[in-house]
Amino acid sequence: MSNESTNPQLSFYSRSDWLAGFLRADRIRVDTLVSLVASWGDPDARDNVIAALDALAEVVQSPRTAEGALDAAAEAVEDAAGMDYAQIPLDKTDTLRLLAELTTVADHLSRFGPNRRTAGIPGQQDRRAS
């Protein structure tokens, strides 16, 4: 996988075989970890976070997980830690760069099939037009 973005920590890129695309958003991971440990100073909050993490670990390690159990356990951790939405503010520069990167990924993923995109893919012509 090659990520040639000018800001790889927040970027879209294609897998080397062009069969999958990725969104990399490192800031969300950092914000999640910071939110998780921010409540560590309050013993009551810490106990609630640890209990929610233990419950999440049980769900993850269980060979048979009920539908929705993972989402519910993860949400319990978020609630115990007082986490906000996983979001990143984007300025105009980031937005335009991400749009260009996502368009490239969409072109790669859509190069075959009846709904293929042809913009930006050298040598490929839209056969529906003929």
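Residues numbered from 1 in each chain as written. Predicted model: local features only at pLDDT ≥ 70, side-chain atom pairs only at ≥ 80, totals over all residues. Heavy atoms only, no water.

**Here we look at the packing of helix H2 (residues 43-61) against helix H3 (residues 69-81)**
Defined as follows: Every axis corresponds to a line fitted to the C-alpha atoms, with the helix fit spanning only the stretch in contact, and the corresponding angles, defined between N-to-C directions, vary from 0 to 180 degrees. A run of H or I in DSSP becomes a helix once it reaches four residues, and a run of E becomes a strand once it reaches two; helices and strands are each numbered from the N terminus. Angles are sorted into four bins: roughly parallel if under 35 degrees, roughly antiparallel if over 145, roughly perpendicular if 65 to 115, and oblique for all others. Handedness of each helix crossing follows the sense of rotation of the near helix against the far helix: counterclockwise by less than a right angle gives left-handed, clockwise gives right-handed. We call two residues in contact when some of their heavy atoms are within 4.5 Å. Residues are sorted three ways: Asp, Glu, Lys and Arg are charged, Ala, Val, Leu, Ile, Met, Phe, Trp, Tyr, Cys and Pro are nonpolar, and all the rest, Gly among them, are polar.
Where H2 meets H3, the axes come as close as 8 Å, and the angle between the chain directions of the two elements is 165 degrees. With respect to their mutual orientation, H2 and H3 come out roughly antiparallel. Between H2 and H3 lies a crossing of left-handed hand. In this structure, H2 contributes Asn48, Val49, Ala52, Leu53, Leu56, Val59 and Val60 to the contact, and H3 contributes Ala69, Leu70, Ala73, Ala74, Ala76, Val77, Ala80 and Ala81. Here the contact of H2 with H3 is composed, by residue class, of 14 nonpolar, 1 polar and no charged.

**A short note on the nonpolar core**
The following threshold applies: As used in this record, nonpolar core signifies buried Ala, Val, Leu, Ile, Met, Phe, Trp, Tyr and Cys residues forming a set joined through side-chain atoms within 4.5 Å. Relative accessibility under 20% of the residue-type maximum defines a buried residue, over 50% an exposed one, and the middle range a partly exposed one, all with a 1.4 Å probe and only protein chains included.
One finds Leu36, Val49, Ala52, Leu56, Val59, Ala73, Val77, Ala81 and Met83 forming the largest nonpolar core, which totals 9 residues. Within the residue set of this core, elements represented by two or more residues are H2 and H3. The leading source of residues in this core is H2, at 4 residues. Other than its neighbours up to four places away in sequence, Leu36 contacts Val49, Leu53, Val77, Ala81 and Met83.

**Points about the pattern of salt bridges**
Oppositely charged side chains can form a pair if their charged atoms are brought close together. Condition: Think of a salt bridge as a Lys or Arg side-chain nitrogen and an Asp or Glu carboxyl oxygen that are within 4 Å of each other.
Summed over the entire model, instances satisfying the criterion amount to 6 salt bridges. Between Arg24 and Asp26 there is a salt bridge; the shortest N-O distance is 2.8 Å. One salt bridge connects Asp94 with Arg97, and the closest N-O pair in it is separated by 3.2 Å. With a gap of 3 residues between them, Asp94 and Arg97 both fall in helix H4 (residues 92-109), about one helical turn apart. As far as the burial class goes, Asp94 and Arg97 line up, both buried. Look at the salt bridges and you will find they share partners, linking Arg24, Asp26 and Arg29 into a network.

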